[in-house]
Amino acid sequence: MFGTKCALVAVAGAATMMLCSIPASAAPEDEFITLNSVVTSSPDGLQATGTYRCDGGIGYLDVSAQMATSGSGTIQLTSFPPGVTLQCTNRVESWSVVLKPSNGQLVLVPYTEGTGTAQLNRKYWKTDSGQVALHFG
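Calculation notes
- Residues numbered from 1 in each chain as written.
- Predicted model: local features only at pLDDT ≥ 70, side-chain atom pairs only at ≥ 80, totals over all residues.
- Heavy atoms only, no water.
- Phe/Tyr/Trp six-rings, centres within 6.5 Å; stacked < 30°, edge-to-face > 60°.
- Lys NZ or Arg CZ within 6 Å of the ring centre and 35° of its normal.
- pLDDT = per-residue confidence, 0-100.
- Helix = DSSP H or I, 4+ residues; strand = E, 2+ residues; numbered from the N terminus.
- Contact = heavy atoms within 4.5 Å.
- Disulfide = S-S within 2.5 Å.
- Pairing = 2+ DSSP bridges.
- Buried < 20%, exposed > 50% of the residue type's maximum accessible area, 1.4 Å probe, protein only.
- Core = buried A, V, L, I, M, F, W, Y, C linked by side-chain atoms within 4.5 Å.

**Topic: the packing of aromatic side chains**
- Within the structure shown, the criterion is met by zero aromatic pairs.
- Positioned above the aromatic ring of F80, the side-chain terminus of K100 is 4.0 Å from the ring centre.

Put into structure tokens, the structure is as follows:
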């Protein structure tokens, strides 16, 4: 009886160690998202594009950027609409979103350069592109 209880405790301890050693937010190695370095003009803001790969189900896309302008300083932008649904097909797919100023104000001067990040959110993990240098083109 004592040996059985000790064995169960050892198994439970090993299982806990395995579960705790894998970060809950880490994406599988084959899932990724990219953000292209060139953003272009669109009627509602800036057009950002990239690629992604995820396996089965859906994911949600969020993009944020900070772009310098000629005369109005740096503008914070976010993807619109937020949380665009991406279909996960286990193939490399393209995405495209409009980036709008976070404060809702229309920017009347030209954008120049900045940085941005694309994030793919899944139910149990997320992955992002890392900081990408952006320029208007």
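**Some remarks on the confidence of the model for the protein**
- Overall, the predicted model of the protein reaches an average pLDDT of 84, with 80% of residues at or above 70.
- By mean pLDDT, the top-scoring element of the protein is strand β10 (residues 132-136) (97), and the lowest-scoring one is helix α1 (residues 2-21) (43).
- Low pLDDT, under 50, characterises residues 4-25; the stretch is placed with five contacts to residues that sit more than four places away or in other chains.

**Digging into the state of the cysteines**
- Evaluation of the coordinates by the stated rule reveals one disulfide.
- There is a disulfide in this structure between C54 and C88, and the S-S distance comes to 2.0 Å. Around the S-S axis, the bridge from C54 to C88 shows a dihedral of about -80° and counts as left-handed. Here C54 is found in the loop between β3 (45-53) and β4 (58-69), whereas its partner C88 is found in the loop between β6 (84-87) and β7 (93-101), with 34 residues between them in sequence.

**Describing the pairing of strand β2 (residues 38-42)**
- Pairing between β2 and β10: two bridges, direction parallel. Across the sheet, V39 pairs through a bridge with F136, a residue of β10.
- Turn length for the β2-β3 hairpin, with the two strands adjacent in sequence and antiparallel, is two residues.

**Quick word on the environment of V132**
- Counting through the fold element by element, V132 comes out in strand β10.
- Residue class for V132 comes out buried when judged on its relative accessible area of 15%.
- Residues in contact with V132, not counting those within four places in the same chain, are L35, S37, G114, T115 and G116.

**Points about the nonpolar core**
- Core analysis: the largest hydrophobic core is formed by 23 residues, its most contacted members being L35, L61, V63, L77, W95 and L99.
- Secondary-structure elements contributing two or more residues to this core are β3, β4, β5 (74-80), β7, β8 (111-121) and β10.
- Every residue in contact with L61, bar those within four places of it in the chain, is listed here: I33, S79, P82, G83, V84, L86, W95, V97, A118 and Q119.

**Describing the pairing of β8**
- Pairing between β4 and β8: nine bridges, direction antiparallel. Residue pairing in the sheet places L61 in a bridge with L120 of β8.
- Across four bridges, the pairing between β8 and β10 is antiparallel. Counted as the bridge partner of E113 is H135 from β10.

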